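# Residue-level structural notes
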Amino acid sequence: MNWYEKLNQYFPIEEMKSQEHMELLLKDKKDIYKKDESSNHVLMYVEMEDFIFVDYLFVSKAARGQGLGKKLLDKLKLKEKPIILEVEPIDYEDTDTRKRQQFYNREGFTHAKSIGYRRRSLDTGEINELEILYWSPTDESEESIYEKMLHTYKMIHTYKDVQLYGEAYDPPEKVFTFDKENAHTSS
């Protein structure tokens with residue numbers, strides 16, 4: 001099974017980019033869009049000068065519980081930049097969502113409670129609500145994380161969307177909200 005098939009079997013359709021989209025990012029944005037893979041994992045991420053965005057992290061069932069996900073995140077943490085990712089909210093009928101959140105919590109990720117994220121899937125038309133988690137070697141503010149997510153959305157998620165999908169993703173101001181009242185600010 002190739003890297004895309006692994007991701008496509010694991011992640012919900014609402015969260016998946018097309019294979020063409022991801023291959024185009026790997027080609028056109030090869031300086032920032034990266035793929036790290038083995039027979040047991042696929043890690044797709046964006047490395048900017050001041051942060052890392054984890055687009056997809058997949059660890060095979062056979063390798064879960066052996067520390068591979070931790071090793072992959074530790075490798076990114078060594079770069080000493082904030083790491084941002086999107087994760088499904090906990091669904092108590094889907095134990096994977098709880099395990100994923102617990103894993104990221106153990107790895108020191110914080111839920112950016114002030115950032116709302118509701119993206120319409122171009123495949124299904126469904127609104128997909130995700131939570132933003134982040135890890136930071138410094139006390140990064142949620143407003144800074146929000147700005148980095150807007151940048152990622154515009155540069156990566158919506159890259160050539162009309163060409164690839166026949167329609168545009170919603171504009172960032174419709175997808176993201178920022179609640180200054182609940183924002184964690186750096187000290």
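Before any of the text, the structure's been laid out above.
Treat the numbers as computed from the prediction; the structure is a model and nothing was measured.

### A word on the environment of proline 172
- In this structure, proline 172 sits in helix H7 (residues 172–175).
- The exposure class assigned to proline 172 is buried, which follows from its relative accessible area of 15%.
- It is 23 Å that separates the C-alpha atoms of proline 172 and leucine 26, two residues lying 146 residues apart in sequence.

### Description of the sheet that holds strand E2 (residues 41–47)
- Spatial strand order, E1-E2-E3-E4-E8-E5: six strands in an open sheet with mixed pairing. Edge positions in the sheet fall to strand E1 (33–38) and strand E5 (110–111), since each has one partner strand and no second.
- In this structure, strand E3 (residues 52–59) lies alongside strand E4 (residues 83–87), joined through three bridges in parallel fashion. Each bridged residue has a counterpart across the sheet, and for isoleucine 52 the counterpart in E4 is isoleucine 83.
- This element, helix H2 (residues 19–28), spans E1, E2 and E3 of the sheet and lies at about 110° to E1.

### Topic: the sheet that holds strand E9 (residues 176–178)
- The strand order E7-E6-E9 describes an open sheet built from three strands, whose pairing is antiparallel. The two strands at the open ends of the sheet, each matched to only one other strand, are strand E7 (127–129) and E9. The average undirected angle you get between the axes of adjacent strands in this sheet is 20°.
- For strand E6 (residues 115–120) and E9, the ladder comprises three bridges, and the chain directions are antiparallel. Bridge pairing in E9 places glycine 116 opposite threonine 177.
- Strands E6 and E9 of the sheet are contacted by helix H5 (residues 142–157), whose axis makes an angle of about 165° with E9.

### As for the pattern of salt bridges
- Enumeration according to the criterion identifies 17 salt bridges in this entry.
- For lysine 81, the salt bridge is made with glutamate 47, and the minimal N-O distance between the two is 2.9 Å. With lysine 81 in the loop between helix H3 (68–77) and E4 and glutamate 47 in strand E2, this pair connects stretches of sequence that are 34 residues apart. Taken individually, lysine 81 and glutamate 47 each receive the classification buried, so the pair is uniform in this respect.
- Overlapping salt bridges bring together Lys70, Asp74, Lys77 and Glu107 as one network.

Here is what the cut-offs are and how they apply
Residues numbered from 1 in each chain as written. Predicted model: local features only at pLDDT ≥ 70, side-chain atom pairs only at ≥ 80, totals over all residues. Heavy atoms only, no water. Helix = DSSP H or I, 4+ residues; strand = E, 2+ residues; numbered from the N terminus. Buried < 20%, exposed > 50% of the residue type's maximum accessible area, 1.4 Å probe, protein only. Pairing = 2+ DSSP bridges. Contact = heavy atoms within 4.5 Å. Axes fitted to C-alpha atoms, helices over the stretch in contact; angles between N-to-C directions. Salt bridge = Lys/Arg side-chain N within 4 Å of Asp/Glu carboxyl O.

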